[in-house]
Amino acid sequence: MKQQGHDQHPALQPNRRTVLKGAAGAAALGTTGALGTFSELAMAQANLRAQITQIPGVGKGAPTDADWQKVGELCLGPTKASIKQGEFKGVELSFMGLNNQNLHNLLFRGFLKPWEAYTGAKISWIDLAQADYNPRLQQAIATGTVDFDILEMGAPFEGDVCGKGLASEMPDWVKKQIDIDDYVDYLKPPVGTWNGKTYRVTIDGDCHNFNYRTDVFSDPALAKAWKDAGNSSEWGVPKTWQQVQAVTKFLKGKKIKNQNAFGYLDAPKPWGGFGFYFLGSRASAYAKHPDDKAWLFDIDTMKPRINNPAWVRAIQDVIDALPFEPADQLNADPNTTGFQQFLAGIGSMIPWWGDIGQVAKASDTSVVGDVVGFDILPGSDDVYNSKTGKWDKLASGPNHAPNCAYLGWGVYVMARVNGDEKKHKAAWSAAAHLGGKDLSLWMVMYPSGFQAHRTSHFQFDEWVAAGYDRKYITSYLNSQLASYNHPNRAVEPRIPGIFQYYSIAEDELTKIFAGKVDAQTGANNIAAAWEKLTDQIGRERQIGLYKASLGV
């Protein structure tokens, strides 16, 4: 299916030979002296980017460890410019991160293998499943037993880690090596900083976008059945959560390509606190009012909003939709919905981070690569106003509030290396290599667990040259840009303990979705537990940090 899709657009798909031929011609031009030094450097970088994005080439099978090592080797230039060969011989570093879907740490190993060979440093790895990540990190923080030198971590944890002095401040030479000014605006400071100091090498952008099956929403038989069922609207991709619910209920019992058709796929099973984001993506359009930056807590009191009518409505939506979703959906976590269901052809709508768009086109595990479309998250016909306690219908139409969930993964160096100059430099060099500008382009194009996060990632021609269909990649990247830049985006609260709040919620939501308590009672239980946690952490400090995270 992938190769067929690739061949359908020959005029847009330069093959490896033509790309390398163009690169060689450009390089020859650069050596004639007709261009200045700056132009030669820019041309060399463009050639490198064209070269690495053809490894292995989109639509040519899933990348392997050999590909990761090759990309890592080709992107060693900035390291070699500042580090002597063998300079870190004898240095041993430990690196803690995820192994989700056999990605994250596994890619880092490949990228860093040539770095280890060149610098002489050795790295040992601590691999964690997503559900184990938060408990493992919280244990290290609580007990003061940080046993890793480099950490893959999301910005929401910065309050817990940077706020407690556990991270090492980024040296200026690293900022230059990674071209830190290239990050998209919403990932610039205060994200990645604490008390004005920079701590993070960003390797990921984050927002939940809306992934849907184009073949389902263009199917003439389903369109006729939709009309025959008495619906006055045209059959098409839902734009609001009200429409998502209607389509999900309609599709139960229908067929698409002789397979059972399903609509939206919820992820009710706990996922180490990360599953809360998926309820958040259902809730943001109901709960994030354009006139109010807050949507999770009241900004002046930290009083939880999780039990207000907006959040309870989102919880009730899940309860109402589950009977129309696949059997045993109650035991599906986000990995299940994304990788075992949607990409395998089950279901027609999910929210997810950018992984779905990459894996659908650049992995052998997907069967839907030619029929996936993207948009910002659905809106709502009305939005709850926490200040008035009423539901508002906006003159501008449905309320949209993209969920900028998690603020992306980053690489952090721990403060425990600060007392050893050689180890400190080695740890930051490894982090800078992983967060390099060119290497990052490869990571966001191929299955990696990371999505576009630099301004330079939105040069659509580079994606097309790598093998992406222009219509597909335009839909994919525009859904992310529209979320990042949306004036009513729902911003992640970057406060201490945020994953304790999320984990508490997940536990209570499990009881709700299993039918042990109703939506309002369960939400009240979450709110009561959150209040206790806020008092334990320190309410006044939390209020100040919450305001700062929202830019108030």
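All values derive from a computational prediction rather than experimental measurement.

### Overview of the sheet that holds strand β6 (residues 200-202)
- Across the sheet, which stays open at both edges, the 5 strands sit in the order β2-β1-β3-β15-β6 with mixed pairing between neighbours. The sheet is open, and its two borders are formed by β2 (122-128) and β6, each paired with just one other strand. Averaged over all adjacent pairs, the angle separating strand axes in this sheet is 25°, with direction ignored.
- As defined by bridge partners, strand β3 (residues 150-154) adjoins strand β15 (residues 409-413) across 5 bridges and the pair is classed as antiparallel. Bridge pairing in β15 links M153 to G410.
- Across the sheet, helix α6 (residues 105-119) lies against β1 (92-98), β2 and β3, angled at about 180° from β2, the strand it touches most.

### Looking at unusual backbone geometry
- In the segment running from I55 into P56, the intervening peptide bond is cis, with an omega of 0°.
- Position of P56 relative to the elements: it lies in the loop between α3 (37-52) and α4 (65-74).
- Residue P189 is joined to P190 through a cis peptide bond whose omega torsion reads 20°.
- Tracing the backbone through its elements, the reader meets P190 in the loop between α9 (172-178) and β4 (193-194).
- Positive phi, close to 50°, is recorded for Q101, a residue that is not glycine.
- Mapping Q101 onto the fold places it in the loop between β1 and α6.
- Even without glycine at this site, D328 takes up a positive phi of about 65°.
- Inspection of the secondary structure puts D328 in the loop between α13 (309-321) and α14 (334-341).
- Judged by relative accessible area, which is 54%, D328 ranks as exposed.

### Brief notes about the environment of I350
- By the element assignment, I350 lies in strand β10 (residues 349-352).
- Classification of I350 by relative accessible area gives buried; the value is 0%.
- Along the chain, I350 and L377 lie 27 residues apart, while their C-alpha atoms are 9.5 Å from each other.

### Here we look at the sheet that holds β10
- Reading across from one edge, β10-β7-β11 is the order of the 3 strands in this open sheet, with antiparallel pairing throughout. Of all the strands in the sheet, the pair left with one neighbour each is β10 and β11 (372-375). Ignoring strand direction, the axes of neighbouring strands in this sheet form an average angle of 30°.
- Two strands pair when backbone bridges link them, and strand β7 (residues 209-213) and β10 are joined in this way by 4 bridges, in the antiparallel orientation. Pairing of F210 across the sheet is with P351, part of β10.

### As for the state of the cysteines
- On inspection of all chains with the given rule, the structure shows 0 disulfides.
- Here C207 stays unpaired: no disulfide links it, and the sulfur of C404, its closest cysteine neighbor, is 5.7 Å away.
- Taking the relative accessible area as the measure of exposure, C404 reaches 1% and is therefore buried.

### Quick word on the pattern of salt bridges
- This structure, assessed with the given rule, holds 28 salt bridges.
- The residue D461 makes a salt bridge to R470 at a minimum N-O spacing of 2.9 Å.
- Exposure remark for D461: the relative accessible area of 52% places this residue in the exposed category.
- Classification of R470 by relative accessible area gives partly exposed; the value is 31%.

### Notes on empty space enclosed by the protein
- Tallied over the entire structure, the rule returns 6 cavities of 30 Å³ or more.
- Taken together, 17 residues line the largest cavity, and the ones lying closest to its centre are H104, Q130, W352, W353 and W409.
- Here the residues of the lining of the largest cavity sort into 8 nonpolar, 6 polar and 3 charged.
- What lines the second largest cavity is a set of 14 residues, among which A267, P268, G275, L279 and F513 lie closest to the centre.
- For the lining of the second largest cavity, the secondary structure elements donating two or more residues are α12 (276-287) and α20 (498-513).
- Top element by residues in the lining of the second largest cavity is α12. It accounts for 4 residues.
- Classifying every residue of the lining of the second largest cavity by side-chain character gives 9 nonpolar, 1 polar and 4 charged.

### A look at helix α11 (residues 241-251)
- Among the residues making up α11, those that are buried are W241, V244, Q245, V247, T248, F250 and L251.
- Its buried side turned inward, α11 meets β7, α10 (220-228), α12, α13 and β10.
- One or two residues past the end of α11 sits G253, with phi positive at roughly 90°.

### A few points about the packing of aromatic side chains
- Within this structure, the stated rule accounts for 51 aromatic pairs.
- With centroids separated by 6.1 Å and ring planes inclined at 65°, the aromatic side chains of Y277 and F499 adopt a geometry described as edge-to-face. Of this pair, Y277 sits in helix α12 while F499 sits in helix α20; the two residues are 222 residues apart in sequence, bridging distant segments of the chain.
- A relative accessible area of 0% places F499 in the buried class.
- Ring geometry for Y277 versus Y502: centroids 5.3 Å apart, planes at 70°, classification edge-to-face. Here Y502 lies in helix α20 and Y277 lies in helix α12, a separation of 225 residues in the sequence. Assigned by exposure class, Y277 and Y502 land together as buried.

Definitions and cut-offs
- Residues numbered from 1 in each chain as written.
- Predicted model: local features only at pLDDT ≥ 70, side-chain atom pairs only at ≥ 80, totals over all residues.
- Heavy atoms only, no water.
- Pairing = 2+ DSSP bridges.
- Helix = DSSP H or I, 4+ residues; strand = E, 2+ residues; numbered from the N terminus.
- Axes fitted to C-alpha atoms, helices over the stretch in contact; angles between N-to-C directions.
- Contact = heavy atoms within 4.5 Å.
- Buried < 20%, exposed > 50% of the residue type's maximum accessible area, 1.4 Å probe, protein only.
- Disulfide = S-S within 2.5 Å.
- Salt bridge = Lys/Arg side-chain N within 4 Å of Asp/Glu carboxyl O.
- 1 Å grid on protein atoms, 1.4 Å probe; cavity = no way out; pocket = protein on both sides within 12 Å on 5 of 7 lines; lining within 4 Å.
- Points joined across faces, edges and corners; volume = space filled by probe spheres on them.
- Nonpolar A, V, L, I, M, F, W, Y, C, P; charged D, E, K, R; others polar.
- Phe/Tyr/Trp six-rings, centres within 6.5 Å; stacked < 30°, edge-to-face > 60°.

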